[in-house]
Amino acid sequence: MSLLSVEGLGKSFDGLRVLRDVSFAVQPGQRHVIIGPNGAGKTTVFKCIIGLLSADSGSITVDGRDVTGLPAHARVSLGMACTFQKTSLFWRLTVEENLHLALLARKPYRFRLWRPLPWHADLRREARELLEEWGLWSRRDHRVGELSYGEQRMLEIVLALASGPRILLLDEPTSGMSPAETARAASLIRELPRSVALLIIEHDMDVVFSVAEHITVLHHGEVFLSGPPERVRGDERVREIYFSGGARPHA
Ligand SMILES: Nc1ncnc2c1ncn2[C@@H]1O[C@H](COP(=O)(O)OP(=O)(O)OP(=O)(O)O)[C@@H](O)[C@H]1O
């Protein structure tokens, strides 16, 4: 059974149809990338999946359970996590404090707040491991506002991982990163455990083809093609869509 299934999704804004009959599925542990020119509807699909927008038609199921009518927080508790292009970090808190908050929101920590100091040695250890892994340990005492944009994006991914998701949705995880940060982020994303399925919107084709096991191409709000990377790479029509559709130069 698919972990995430999107069936016949439709969405309009002020009468303008932005998504039409969008269907695709993400398998457990799969690295699934959504590509498409600017304005194709990628972020709108994400928002419908996570519950920040309600779809006009169609359904979204997780493990066969229909979540279409559920609010975002209920979907998170079913194992979804996401990052968006705009960061949503606590600017005045440090890197480590941001991560502690994210970890505290998660079971089993949530129910152990009464523990005296030194508290949550396991939480601190987990935070350290995550920050080391993502190259942010040396920045732990810095306020988020002092980080580079690329570091902030990395921290967003770390915070999303802290909720222990089964499916992680990343909206352009490498946008705004330097080439070195992009390469590092792509390699870390590739190394994420298979217990987490990934659904990623990405424009950087080097990242797309280094991460993707399955690619869904959106164009004018419709699924143009969904298949393995080799099929997408070899499809002349996909190239045409990209080069006529206002995609970014490196795409
Ligand atoms: N809240 C909204 N109200 C009205 N129109 C919207 C809204 N959100 C998105 N749109 C429109 O829907 C279309 C799809 O937008 P969306 O952000 O989903 O595209 P995208 O593929 O993610 O683009 P990009 O690659 O530029 O991020 C665009 O024409 C956009 O202007």
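Here is a short report on the structure shown in this document. (Residues numbered from 1 in each chain as written. Predicted model: local features only at pLDDT ≥ 70, side-chain atom pairs only at ≥ 80, totals over all residues. Heavy atoms only, no water.)

1. Topic: the pairing of strand 3 (residues 31–35)
Within a regular strand, side chains alternate between the sheet's two faces. Among the five residues of strand 3, five are classified as buried, and the element is accordingly described as predominantly covered. Both faces of strand 3 are covered, namely the face carrying Arg31, Val33 and Ile35 and the face carrying His32 and Ile34. Examined bridge by bridge, strand 3 and strand 8 (residues 197–201) share four bridges and lie parallel to one another. By the bridge assignment, Val33 is partnered in strand 8 with Ile200. One ladder, built from four bridges, connects strand 3 with strand 9 (residues 214–219); its direction is parallel. When the bridges of strand 9 are listed, Ile35 appears paired with Val217. (Buried < 20%, exposed > 50% of the residue type's maximum accessible area, 1.4 Å probe, protein only. Helix = DSSP H or I, 4+ residues; strand = E, 2+ residues; numbered from the N terminus. Pairing = 2+ DSSP bridges.)

2. A word on helix 1 (residues 42–50)
Of all nine residues making up helix 1, seven are buried, and the element is well covered by its neighbours. Those residues of helix 1 that fall on the buried side of the exposure criterion are Lys42, Thr44, Val45, Phe46, Cys48, Ile49 and Ile50. Positive backbone phi, approximately 95 degrees, marks Gly51, located one or two places after helix 1.

3. Quick look at helix 5 (residues 149–162)
The end-to-end C-alpha distance of helix 5 is 20 Å, a good match for the 20 Å that 14 residues give at a rise of 1.5 Å each. Most of helix 5 sits out of view: 13 of its 14 residues are buried. (Expected span 1.5 Å × (residues − 1).)

4. Some points on the sheet that holds strand 3
An order of 6-7-8-3-9-10 is seen for the six strands of this open sheet, with the pairing classed as mixed. Two strands in the sheet have a free side with no partner beyond their single neighbour: strand 6 (80–83) and strand 10 (222–227). Averaged over all adjacent pairs, the angle separating strand axes in this sheet is 15 degrees, with direction ignored. Contacting strand 6 and strand 7 (167–171), helix 5 runs over the sheet at an angle of about 170 degrees to strand 6. (Axes fitted to C-alpha atoms, helices over the stretch in contact; angles between N-to-C directions. Contact = heavy atoms within 4.5 Å.)

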